[in-house]
Amino acid sequence: MNRNKWIGVGILGIVAVVAAIYIFFVANQPKEVAIIGLLGGEKIGLFQSQEFLDTMKKKNHLNVDYRKAGSIAMAVETAQNHNAENYDYLFPASKMAAEIYKEQGGTAVASDIIFNTPLVLYSRKPVVDALMTQKVVTQREGIYYVNMKSLAALIAKGTSWESIGLPQLYGNVLVDTTDPNASNSGNMFLGLLANSINNGKVVTEDSLPQVEETVRRIYQEIGHMQSSSSDMFNQFLKQGVGAYPIVAGYENQILELTRMEPDLFQQVKSDLVLLYPTPTVWADHVYVALTENGKKGMDALLTKEVQAMAWKNHGFRTIAAGTADTSLFQVKGVPKDITGVMPMPSYAVMQKLMQSIR
């Protein structure tokens, strides 16, 4: 065999080896999996961020999609309509939503708490100044705290804004919330308000009759409620103190705003005040995997990389950021640790409260 033929054979051999190596690695590469689920509005910023999408795709081989839904609504509708086969996961903002899904006959492959964030109130400086005069709000170490028993008493008595020095505001002292029968932030505030009316004690089956009528009357006065926490927060930011003197929401919403929409934050930061209820309640963001592919999404969300991203860019308190570095954000008055947390009423009691205001 002449020299040129040997060269040809060698080249063919190299090509064959390279092709075999390529085929081996391609064949053994994990296949990208597409998953879709129902997502609470407060987590949309995370799920839309390019860093999150790239991490899920490149490191976890997942193409993640979602449909926006209120936490309570997604649990009820998915279970009652038997359409869980259309989704790989549910990602509400509460354990109660997961309980409702199970109670309504829904089944799951796995579930776990992924993030936590406390319930907070958002207001404006003139309102906070008036509430400080009433000793409902106090400031300690630069953090504003609202005494929930005192605030609930003002609300329950039908106290007007005018009577506490705010004649420019219409009507009585109220906290605007999302619909407790659709959204978790509203559901949590319903439980916290009921506990506060119950002299700061967790409402039980026995004490429910003592607070139920007062709660029903308050929610009749609140009137129309948004079905999404993100929609509620955006309305608060854009419509001002006249439309929304105080709203209930999540701590992470203002923290995320500094990262995702810094220009908007600069516009509102001088007048916006973050209030921590004493006591408050935690929102436990539970991921419910409906399929095996959905479980891959849960495992990816629990990785240190995604957990750290969720805190530094979106303000969710996570396992990786349990003792959170609040200096990452430009928001004044964010405590390092959340104290003074009380339990929500039981699932059975909350169901009755939700029904009474429906």
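Keep in mind that this is a model prediction, so the values were computed, not measured.

Cut-offs and rules
Residues numbered from 1 in each chain as written. Predicted model: local features only at pLDDT ≥ 70, side-chain atom pairs only at ≥ 80, totals over all residues. Heavy atoms only, no water. Phe/Tyr/Trp six-rings, centres within 6.5 Å; stacked < 30°, edge-to-face > 60°. Helix = DSSP H or I, 4+ residues; strand = E, 2+ residues; numbered from the N terminus. Buried < 20%, exposed > 50% of the residue type's maximum accessible area, 1.4 Å probe, protein only. Lys NZ or Arg CZ within 6 Å of the ring centre and 35° of its normal. Axes fitted to C-alpha atoms, helices over the stretch in contact; angles between N-to-C directions. Parallel < 35°, antiparallel > 145°, perpendicular 65-115°, else oblique. Left-handed = near helix turned anticlockwise from the far one by under 90°. Contact = heavy atoms within 4.5 Å. Nonpolar A, V, L, I, M, F, W, Y, C, P; charged D, E, K, R; others polar. Arc of directions from axis to C-beta. Polar contact = N/O pair within 3.5 Å; in protein donor to acceptor, adjacent residues only side chain to side chain.

(A) Structural view of the packing of aromatic side chains. Enumeration over the complete set of coordinates arrives at twelve aromatic pairs. Arranged with centres 6.1 Å apart and planes meeting at 40°, the rings of Tyr122 and Phe236 form a pair that is tilted. On the criterion of sequence distance, the pair formed by Tyr122 in strand β4 (residues 110-124) and Phe236 in helix α10 (residues 229-239) is long-range, its members being 114 residues apart. In this pair, the class of Tyr122 matches that of Phe236, namely buried. Over the face of the ring belonging to Phe236 we find Arg124, whose NZ or CZ atom lies 4.5 Å from the ring centre. The ring of Tyr145 is capped by Arg140, whose NZ or CZ atom sits 4.1 Å from the centre of that ring.

(B) Spatial organisation of the packing of helix α4 (residues 71-80) against helix α5 (residues 95-103). Packing of α4 against α5 brings their axes to within 8 Å, and their N-to-C directions diverge by 15°. Comparing their axes, α5 and α4 come out roughly parallel. The hand of the α4/α5 crossing is right-handed. Judged by residue contacts, Ser71, Ile72, Ala75, Val76, Thr78 and Ala79 of α4 engage Ala97, Ile100 and Tyr101 from α5. Here the residues of the contact of α4 with α5 sort into seven nonpolar, two polar and no charged.

(C) Region of the structure containing helix α6 (residues 125-133). Among the residues of α6, those classed as buried are Val127, Val128, Ala130 and Leu131. The buried side chains of α6 occupy one side of the element, clustering within an arc of 160° when seen end-on. Along its buried surface, α6 packs onto β4, β5 (137-140), β6 (143-147), α7 (148-156), β7 (246-250) and β8 (272-278). Lys135 lies just past α6 and shows a positive phi near 60°.

(D) Local environment of the side chain of Asn313. Assignment of secondary structure puts Asn313 in helix α14 (residues 304-314). Within polar-contact distance, the side chain of Asn313 engages the side chain of Glu51 at 2.9 Å. If near-sequence neighbours (up to four positions away) are discounted, Asn313 is found in contact with Glu51, Glu256, Arg259 and Met260.

(E) Main features of unusual backbone geometry. Between Thr278 and Pro279 the backbone carries a cis peptide bond, its omega angle lying at 0°. Although it is not a glycine, Glu141 sits at a positive phi angle of roughly 55°. Mapped onto the elements of the fold, Glu141 is located in the loop between β5 and β6. Residue classification places Glu141 among the exposed residues on the basis of a relative accessible area of 82%. Of note, Asn199 is a non-glycine position whose phi angle comes to about 60°, a positive value. Its place among the elements puts Asn199 in the loop between α8 (184-197) and α9 (208-222).

Function-wise, these values are silent; they only describe arrangement.
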